[in-house]
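# Survey of secondary and tertiary structure
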Amino acid sequence: MRNAAPAIEWPTLLLLLATYAVWAIGTTAAFALFPLLGILLTGLAIAQFSSLQHEILHGHPFRSRLLNEALAFPALNLTVPYGRFRDTHLAHHHDPILTDPYDDPESNYLDPAVWARLPRIHKALFRFNNTLFGRITLGPILGNILWLVTEAKAIRRNDPGLRRDWALHLGGLALVILWLWAAAMSWWAYLLAAFIGHALLKIRTFLEHRAHEAARARTVIIEDRGPLALLFLNNNLHVVHHMHPAVPWYRLPALYAANREHYQRRNEGYVYRSYLDIFRAHLFRAKDPVPHPLMPGPDQP
């Protein structure tokens, strides 16, 4: 499928240009006219940009990695270097490690032995974070704290490539700072917009993967075709993406529709009809425990 890809995937490139335009309007004219509108538009653009960065790291919209990564250079989301997102996400795509608290960089589970040692207040925060409401409201703060602490430790160890990726990120962050220096949007407003962008992305990642003995059954299908599906670039059809990571976002729905029963058999029915169903089921109710349910507890061999 990837060999047949065009030299330029126009839907991705045009959407990226539109996203930059919305971000620019949100931080300038819209914020000057009505600050809340500017913040919301900017938050939506940051979330869409992160989804497009995901497309870029999988080799879109150009065949050239250099051109693709130039598109992702501005650090609109503030805290996640593109190079680190690329490397951790590609590691996450090794399906046998999905949900492993140590090997999967995107796992939300904890080792039961680690969980048992946590103070009560930490356990309460993690439990709240395991509801969709908690993931949207607390998740951006908790997730960024854990991410930045982990990255700081890795930088101190001088893990390969980290200092380079963070240096490039600081360059992309400088572009955002220079823009905001001249734009109408204030610093506090941009921080709020970034929070909104991260919160929207937490809806997508909330139940993308579950603990299951079979690796093929760990990845969700959400049959949503509404605005969130566009915001997440059809990654709600997540098992399709994991099986065909080189297929661009705009081809995933047709691929799923042509093989719907196959994908649902493959992931053993880990399917939701819509994001509305997810909100109904999990807004205030955890989808699963924080300690990984398939790992031995502290008192088990």
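Attention here is on the structure that accompanies the text. Throughout this document, residue positions are counted from 1 along each chain, in the order its sequence is written. This being a predicted model, a pLDDT of at least 70 is required before a residue's local features are given, and a value of 80 or more before pairs of side-chain atoms are given or counted; all residues contribute to the totals for chains, interfaces and linings. Just so you know, side-chain values use all the structure's heavy atoms and leave hydrogens and water out.

What follows deals with the overall build of the protein chain. Segments assigned H or I by DSSP are reported as helices when at least four residues long, segments assigned E as strands when at least two residues long, and all are numbered from the N terminus. Scanning the protein chain for helices and strands turns up 16 helices and two strands. Taken over the C-alpha atoms alone, the protein chain extends approximately 60 × 50 × 40 Å along its principal axes. Of all 301 residues assigned to the protein chain, the portion counted as buried reaches 50%. Note on contacts: a residue pair is in contact if any heavy atoms of the two residues lie within 4.5 Å. For the protein chain, the share of sequence-separated contacts (at least 6 apart) that also reach a separation of at least 24 residues comes to 70%. Each accessible area is a Shrake-Rupley estimate made with a 1.4 Å probe; only the visible protein chains count as cover when residues are assessed. Counting every atom, the protein chain has about 14800 Å² of accessible surface; 67% of that belongs to carbon and sulfur. A positive count includes Lys and Arg, and a negative count includes Asp and Glu. His and the chain ends are not counted in either. By convention, the charge on Lys lies at NZ, on Arg at CZ, on Asp at CG and on Glu at CD. Put simply, the protein chain has 29 plus and 22 minus side-chain charges, and the middle of one group is 3 Å from the middle of the other. Buried means the residue's accessible area, taken with a 1.4 Å probe over protein chains only, is under 20% of the maximum for its type, while exposed means over 50%, and partly exposed covers the values in between.

Right, let's talk about a nonpolar patch on the surface for a bit. A patch is a set of surface residues, each over 30% in relative accessible area and not in a salt bridge, joined within 9 Å for like charges and within 5 Å for the nonpolar side chains Val, Leu, Ile, Met, Phe, Trp and Tyr. Salt bridges are identified by distance alone: a Lys or Arg side-chain nitrogen within 4 Å of an Asp or Glu carboxyl oxygen. Where nonpolar side chains cluster on the molecular surface, the patch consists of Leu33, Phe34, Leu36, Leu37 and Leu40 and spans about 500 Å² of accessible area. Looking at which element gives the most residues to the nonpolar patch, the answer is helix H3 (residues 35–57), with three residues. By secondary structure assignment, the location of Leu37 is in helix H3.

Let's shift gears to helix H7 (residues 120–129). Those residues of H7 not exposed but buried are Lys123, Phe126 and Asn129. The buried residues of H7 occupy one face: seen down the axis, they fall within an arc of 125°. Summarising the geometry of H7, the exposed residues directed more than 90 degrees from the buried face are Arg120 and Ile121. Buried residues along H7 sit in contact with helix H6 (112–117), helix H8 (132–137) and helix H9 (139–156). In this description, the arc belongs to the directions extending from the helix axis to the C-beta atoms.

What follows deals with the environment of Ile145. Its location among the elements puts Ile145 in helix H9. Distance from Ile145 to Thr79, taken between C-alpha atoms, is 9.9 Å for residues 66 residues apart in sequence.

Moving on: the pattern of salt bridges. Summed over the entire model, instances satisfying the criterion amount to 12 salt bridges. The closest approach of N and O atoms between Asp159 and Arg157, which form a salt bridge, is 2.8 Å. Here Arg280 ties to Asp277 by a salt bridge, and the two come within 3.5 Å at their closest N and O atoms. Of this pair, Arg280 and Asp277 both sit in helix H16 (residues 275–282), three residues apart, which is roughly one turn of the helix.

As a further point, take the packing of helix H1 (residues 10–27) against H3. For helices, the fitted line uses only the C-alpha atoms of the stretch in contact; every axis is such a line through C-alpha atoms, and the angle between N-to-C directions lies from 0 to 180 degrees. Running from N to C, H1 and H3 cross one another at 155°; their axes reach a closest spacing of 8 Å. Judged by the angle between their axes, H1 and H3 are roughly antiparallel. Pair H1 / H3 crosses with left-handed handedness. Residues Thr12, Leu15, Leu16, Thr19, Tyr20, Val22, Trp23, Gly26 and Thr27 of H1 pack against Gly38, Leu41, Thr42, Ala45, Ile46, Gln48, Phe49, Leu52 and Glu55 of H3. Note that Gly is not counted as nonpolar here; it falls among the polar residues with everything else outside the nonpolar set of Ala, Val, Leu, Ile, Met, Phe, Trp, Tyr, Cys and Pro and the charged set of Asp, Glu, Lys and Arg. Here the contact of H1 with H3 is built from residues that sort into 10 nonpolar, seven polar and one charged. Here the word oblique covers every angle except those under 35 degrees (roughly parallel), over 145 (roughly antiparallel) and from 65 to 115 (roughly perpendicular). It is the rotation of the near helix from the far one that decides the hand of a crossing: anticlockwise by less than a right angle makes it left-handed, clockwise makes it right-handed.

The next subject is the nonpolar core. Nonpolar cores were defined as sets of buried Ala, Val, Leu, Ile, Met, Phe, Trp, Tyr and Cys residues, with membership established by side-chain atoms within 4.5 Å. Membership of the largest hydrophobic core comes to 30 residues, with the highest contact counts inside it found for Trp23, Ile46, Leu76, Met185 and Tyr190. Those elements that place two or more of their residues in this core are H1, H3, helix H5 (82–92), helix H10 (162–182) and helix H11 (187–205). Filtering out sequence-adjacent residues up to four positions away, Tyr190 remains in contact with Trp23, Thr27, Thr42, Ile46, Leu76, Leu78, Val176, Leu180 and Met185. Ranked by size, the runner-up nonpolar core spans 17 residues in total, among them Leu201, Leu231, Tyr275 and Ile278.

Here we come to the environment of Pro248. Turning to its location among the elements, Pro248 is positioned in the loop between helix H13 (238–243) and helix H14 (252–258). Between the alpha carbons of Pro248 and His58 there is a distance of 8.5 Å; along the sequence they are 190 residues apart. Not counting the four nearest positions on each side in its chain, Pro248 is found in contact with Glu9, Glu55 and His60.

A few words on H16. Every buried residue of H16 is listed here: Tyr275, Asp277, Ile278 and His282. An end-on view of H16 places all buried positions within 150° of arc, on one side of the element. Turning to H16, the residues buried within the fold contact H8, H11, strand S1 (221–222), helix H12 (227–231) and strand S2 (271–272). Any pair of N or O atoms that falls within 3.5 Å is considered a polar contact. Within protein, one atom must be able to donate a hydrogen and the other to accept it, and sequence-neighbouring residues count only if both atoms are side-chain atoms. The N-cap residue of H16 is Ser274: its side-chain oxygen and the backbone nitrogen of Leu276 are 3.3 Å apart.

A few words now on unusual backbone geometry. Across the junction of His60 and Pro61, the peptide omega takes the value 0°, indicating a cis bond. If you trace the backbone, Pro61 turns up in the loop between H3 and helix H4 (65–71). One non-glycine residue, Thr99, lies in positive phi territory at about 80°. Tracing the backbone shows Thr99 in the loop between H5 and H6. The buried category is assigned to Thr99, whose relative accessible area is 4%. Although it is not a glycine, Asn234 adopts a positive phi angle of roughly 65°. Note on Asn234: relative accessible area 8%, which makes it buried.

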